[in-house]
Amino acid sequence: MAKQNQILLTLVLLISLLVSSVIGAAEKPRGVTYDSRSLIVNGNRELFFSGSIHYPRSPPEMWPDIIRKAKEGGINLIQTYVFWNIHEPIQGQFNFEGNYDIVKFIKEIGKQDLYVTLRIGPYIEAEWTSGGFPYWLREVKNITFRSYNEPFVYHMKKYAEKVIELMKKEKLFAPQGGPIILAQIENEYNNVQLAYKENGKKYIEWAANMAVGLYNGVPWIMCKQKDAPPSVINTCNGRHCGDTFTGTNGPNKPSLWTENWTAQYRTYGDPPAQRSAEDLAFSVARFFAKNGTLTNYYMYYGGTNFGRTSSSFVTTRYYDEAPLDEFGLMRDPKWSHLRDLHRALRLSRRALLWGTPTVQKINENLEITVYEKPGPDHMCAAFLTNNHTKLPSNITFRGAEYYLPEKSISILADCKTVVYNTQTVVSQHNSRNFVPSEKAKNLKWEIYQEKVPTIHDLALKNRDPLELYSLTKDKSDYAWYSTSINLDRRDLPMRPDILPVLQIASMGHALVAFVNGQYVGFGHGNNIEKSFVFRQPVVLKPGINHITLLAETIGYPNSGAYMEKRFAGPRGVTLQGLMAGTLDITLNVWGHEVGVYGEKEQLFTEEGAKKVKWTSLAGPQPGPVTWLKTYFDAPEGTDPVALKMDKMQKGMMWVNGKNLGRYWASFLSPLGQPTQSEYHIPRAFLKPKNNLLVVFEEIGGHPETIQIVTVNRDTICSMITEYHPPNVKYWESSGSKLRAVVEDLKAGAHLTCPDDNVIEKVEFASYGDPDGACGNFYMGNCTSPNSIKVAEKYCLGKHTCSVPVEREVFDEPNKDPCPNIFKTLAVQVKCVVPKKR
């Protein structure tokens with residue numbers, strides 16, 4: 001009996017433990033909350049290093065690798081917009097498949113144990129055509145975008161409901177076990193709010209209440225919204241939010257930075273966009289020193305504006321200067337220097353999240369910020385800041401002296417040890433190479449010439465030229481306009497050296513002009529001033545003259561107030577220099593047609609290409625409005641693939657029916673170079689053999705110069721000085737203590753080839769005072785003659801290597817060519833795929 005009682009007691013205890021366990025699990029905090037210090041996810045505070053990656057800007061086959069590289073870079077949160085116009089291109093007809101499968105994208109992020117910020121918008125800007133608004137929304141009666149009016153709020157709420165319900169159905173929000181921990185409604189509304197007066201304020205309050213009403217399981221944010229309603233968190237966008245953000249507008253809202261611009265998007269005609277890794281790192285360290293706990297890199301990976309998705313004049317390549325370039329390759333040192341920064345801040349995590357901050361201003365430029373929590377479990381982290389842009393300085397902190405390079409922040413993860421400095425890059429650098437493919441060379445081109453129509457060929461007639469946006473309805477970049485005029489011989493100039501001039505005032509964006517079927521010229525605006533005036537001398541004849549224009553849009557505007565009231569296309573056409581003076585032919589009756597013939601017949605597909613007769617490209621270069629076709633085999637290896645188009649002019653490209661986007665090589669930057677020369681062909685678009693490449697050239701170019709190239713970053717480098725701190729990876733946090741994980745904490749040149757490649761050649765090495773950048777190093781006034789030999793000894797044939805920055809390694813004491821300077825080591829090596837044995 002005693003034994004039975006004992007068994008019964010044991011069962012009771014086990015049941016009791018099980019029940020208490022279940023109750024405990026049920027009581028464990030779930031979901032996302034926040035206070036003035038940070039977001040709190042599942043009951044835990046965390047530092048967030050976020051990166052913007054947009055699913056439509058790369059094919060699904062690339063998503064896992066891009067997300068993996070972001071995670072390896074220290075990213076724990078991915079931010080993406082939701083793109084209304086791709087999901088509902090026709091009112092009531094939704095598409096969430098293929099490249100637009102946002103559910104698959106978010107699940108892949110969750111699969112890799114990262115979180116998501118979902119920026120629903122539905123206005124997104126993002127240098128995306130129409131800021132994400134579908135064209136059909138423009139034609140809703142009495143609508144005003146982004147203002148409180150019945151038509152707009154009806155459609156906006158309907159779309160937001162669709163997105164939220166989809167996320168809930170797929171259990172993608174954090175309280176459901178999914179990765180979404182933040183959601184955003186609207187976007188940088190303070191930029192336009194005043195234009196809408198009272199309806200602007202009313203709209204933003206409505207938007208916040210609508211969003212929270214649809215789902216309140218995660219916090220909602222509004223970026224650049226100083227007067228954000230209490231139910232949402234206002235956040236900062238910009239380059240230096242540590243100094244420009246005036247703070248949240250509520251006592252219990254954390255400081256969040258939703259867009260830290262990693263460079264700048266580019267429009268055609270722009271010079272290169274630059275932002276250094278050092279400046280980015282300084283801005284992030286500054287923000288975290290000033291109570292920030294989340295920064296988002298916009299973009300972390302920009303990708304490609306395939307098809308017609310970019311906004312006005314924006315290049316097909318998007319944010320190529322991000323830590324991951326357009327091809328998904330790690331851009332060092334930006335990627336690796338930020339990875340090291342994230343590690344340094346994580347080593348300081350406990351003090352940053354639970355310590356009390358104090359700030360000591362030494363002088364105008366020097367500042368010490370300490371986060372500390374005294375007690376048995378002592379926590380301490382410090383930021384030593386030198387704001388001077390040109391001069392380094394020394395700073396004394398707690399009895400020790402620290403050297404600070406110009407415009408830099410040193411992070412002391414235990415208030416004693418410098419684990420990272422924003423200005424001293426100890427990680428490797430790399431340089432990008434475009435290599436002509438051997439398997440995809442000697443392209444054999446065929447051409448098909450578009451017919452230039454006259455007014456008699458165009459069914460849609462109107463007294464004057466129709467407005468271009470509402471004519472095309474975003475179905476094509478192109479629309480034909482044509483009129484005719486009957487001239488008498490006496491109307492024309494009598495002298496052979498004088499020609500009439502065709503003048504077209506256009507609201508944008510570009511046009512190709514023809515007179516009697518002959519090419520006259522090309523005119524265009526730019527991102528700053530989209531309207532332009534086209535003026536070219538023309539040859540006219542007695543009798544009927546046909547004037548035909550191919551008017552073009554280059555994406556729809558994506559920002560500003562009253563976006564639904566933007567216009568484009570020709571608005572005034574005159575003939576100047578006639579014997580009777582200037583003749584206005586604007587009201588002469590015009591014919592119109594949307595799109596070009598080859599576009600409608602889909603000549604860029606295998607089936608469509610059979611509908612016309614192609615001729616071999618030979619003799620003179622092809623003229624304007626010409627289709628070009630060729631086939632090629634997939635390039636060797638696994639490196640990304642691109643088209644080099646620098647000798648073409650302007651048009652579009654397709655591979656196997658997939659629209660790669662717009663190219664525009666003739667729009668030169670102030671440097672005299674095309675803003676973009678190479679155009680990404682994702683490997684996912686290719687077959688092993690016989691890939692169909694079709695190009696529509698609007699003006700005329702040199703197709704024989706088009707190259708298919710592979711892309712790599714196999715040129716890797718290091719540039720290290722004697723005073724550089726050791727790599728942050730040599731430290732780890734153990735409780736409240738910081739400890740080294742290696743015995744030798746000296747700085748060195750650490751190089752690692754991408755993938756499984758090995759170092760084939762040392763292309764440059766100098767221990768002395770070299771200068772320059774990876775791919776373009778040059779000798780200074782002094783260098784060790786043993787530099788190349790030492791680098792080869794440590795690195796040749798290896799996947800990874802470390803070259804010590806030590807004088808005795810390079811020279812004997814009495815043979816040092818420059819003993820009285822601080823030494824710098826610059827090394828550049830070439831990586832290759834290892835040869836199979």
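Heads up: these notes are all about the structure in this document. From a predicted model like this one, the values you see are computed outputs, not experimental measurements.

With that settled, consider the overall build of the protein chain. A count of helices and strands for the protein chain gives 15 helices and 46 strands. Here the C-alpha radius of gyration of the protein chain, 31 Å, is about what a compact globule of 837 residues would show, namely 28 Å. On the principal axes, the C-alpha backbone points of the protein chain span a range of 110 × 80 × 65 Å. Residues counted as buried form 57% of the 837 residues belonging to the protein chain. Carbon and sulfur atoms provide 52% of the accessible area of the protein chain, an area that totals close to 35,100 Å². A gap of 3 Å separates the mean positions of the 95 positive and 86 negative side-chain charges of the protein chain.

Looking now at the packing of helix H2 (residues 63-72) against helix H4 (residues 102-111). Their axes nearest at 10 Å, the elements H2 and H4 cross at an angle of 40°. Taken together, H2 and H4 sit at an angle that is classed as oblique. Once H2 is placed against H4, the crossing between them reads as right-handed. Note on element contacts: H4 touches H2 through Lys104, Phe105, Glu108 and Ile109, opposite Trp63, Pro64 and Ile67. Grouping the amino acids of the contact of H2 with H4 by side-chain chemistry returns 5 nonpolar, no polar and 2 charged.

Moving on: the sheet that holds strand E5 (residues 77-81). Ordered by their spatial adjacency, 8 strands build a closed barrel running E4-E5-E6-E7-E8-E9-E10-E11, and the pairing between neighbours is parallel. The average angle at which neighbouring strand axes cross in this sheet is 30°, direction not considered. Relative to strand E10 (residues 255-261), strand E9 (residues 232-238) runs parallel, the two sharing 3 bridges. Following the sheet pairing, Cys236 is matched in E10 by Trp257. Sheet strands in contact with H2 are strand E4 (48-53), E5 and strand E11 (292-301), and its direction is about 140° off that of E11. Lying over the sheet, helix H5 (residues 150-169) contacts strand E6 (115-121), strand E7 (180-185) and strand E8 (220-223), oriented at roughly 160° with respect to E6.

Side chains of a nonpolar character, in soluble globular proteins, are inclined to be buried together. Formed by 122 residues in total, the largest nonpolar core has its most connected members in Met167, Leu341, Leu345 and Val419. When we break this core down by domain, the ones giving at least three residues each are domain 1 (32-331) and domain 4 (712-832). Sequence-distant contacts of Val419, that is, excluding residues within four places in its chain, are made with Ala344, Leu347, Ile411, Ala413, Pro726, Val728, Trp731 and Leu738.

So, on to the pairing of E9. E9 sits mainly inside the fold: 7 of its 7 residues count as buried. A two-sided burial pattern is seen for E9, the buried positions comprising Val232, Asn234, Cys236 and Gly238 on one face and Ile233, Thr235 and Asn237 on the other. As judged from the 4 bridges shared by E8 and E9, these two strands associate in the parallel manner. Across the sheet, the residue bridging to Ile221 is Ile233, located in E9.

Spatial strand order, E21-E30-E22-E27-E24-E25: 6 strands in an open sheet with antiparallel pairing. Pairing within the sheet leaves two strands with one partner each, and these edge strands are strand E21 (460-462) and strand E25 (518-524). Going from strand to strand, the sheet's axes swing by 25° on average, the running direction of each strand aside. Here 10 bridges tie strand E22 (residues 478-487) to strand E27 (residues 543-552), and the two strands are oriented antiparallel to one another. For Ile485, the partnering residue across the bridge sits in E27 and is Asn545.

Along the chain, the position of Ala513 falls in strand E24 (residues 510-515). The sequence separation of Ala513 and Ser482 amounts to 31 residues, and the corresponding C-alpha distance is 9.8 Å. Those residues within four positions of Ala513 in sequence are excluded, and the remaining contacts are Leu502, Gln518, Tyr519, Val520, Gly521, Phe534, Thr548 and Leu549.

Packing of H5 against helix H6 (residues 197-214) brings their axes to within 10 Å, and their N-to-C directions diverge by 25°. Relative to H6, H5 is oriented roughly parallel. By crossing handedness, the relation of H5 to H6 is classed as right-handed. Here H5 contributes Phe152, Val153, Met156, Lys157, Ala160, Glu161, Ile164 and Lys168 to the contact with H6, which in turn contributes Tyr203, Trp206, Ala207, Met210 and Leu214. Partitioning the contact of H5 with H6 into residue classes produces 10 nonpolar, no polar and 3 charged.

All right, on to the side chain of Arg37 then. By the element assignment, Arg37 lies in the loop between strand E1 (32-34) and strand E2 (39-41). The side chain of Arg37 is buried and forms no salt bridge, while Asp35, the nearest opposite charge, is found at 7.2 Å. With near-sequence residues (within four places) excluded, Arg37 lies in contact with Arg45, Pro254, Asn291, Gly292, Thr293, Leu352, Leu353 and Tyr371.

The next thing to look at is the pattern of salt bridges. Per the counting criterion, the structure on display carries 46 salt bridges. In this structure, Asp243 and Lys290 form a salt bridge, with 3.5 Å as the shortest nitrogen-oxygen distance. On the criterion of sequence distance, the pair formed by Asp243 in helix H7 (residues 241-244) and Lys290 in the loop between helix H8 (277-289) and E11 is long-range, its members being 47 residues apart. With a relative accessible area of 39%, Lys290 lands in the partly exposed category. Within this structure, Asp320, Glu321, Asp325, Arg331, Arg432 and Arg713 form a network of salt bridges that share partners.

This brings us to H4. Of all the positions in H4, only Ile102, Val103, Phe105, Ile106, Glu108 and Ile109 are classed as buried. Positioned one or two residues after H4, Asp113 has a phi angle of 65°, which is positive.

Rules used throughout
Residues numbered from 1 in each chain as written. Predicted model: local features only at pLDDT ≥ 70, side-chain atom pairs only at ≥ 80, totals over all residues. Heavy atoms only, no water. Helix = DSSP H or I, 4+ residues; strand = E, 2+ residues; numbered from the N terminus. Rg over C-alpha atoms; globule rule 2.2 N^0.38 Å. Buried < 20%, exposed > 50% of the residue type's maximum accessible area, 1.4 Å probe, protein only. Areas by Shrake-Rupley, 256 points an atom, 1.4 Å probe, with all protein chains shown as cover. Lys, Arg positive; Asp, Glu negative; His and termini not counted. Charge placed at Lys NZ, Arg CZ, Asp CG, Glu CD. Axes fitted to C-alpha atoms, helices over the stretch in contact; angles between N-to-C directions. Parallel < 35°, antiparallel > 145°, perpendicular 65-115°, else oblique. Left-handed = near helix turned anticlockwise from the far one by under 90°. Contact = heavy atoms within 4.5 Å. Nonpolar A, V, L, I, M, F, W, Y, C, P; charged D, E, K, R; others polar. Pairing = 2+ DSSP bridges. Core = buried A, V, L, I, M, F, W, Y, C linked by side-chain atoms within 4.5 Å. Domains from an automatic or database assignment. Salt bridge = Lys/Arg side-chain N within 4 Å of Asp/Glu carboxyl O.

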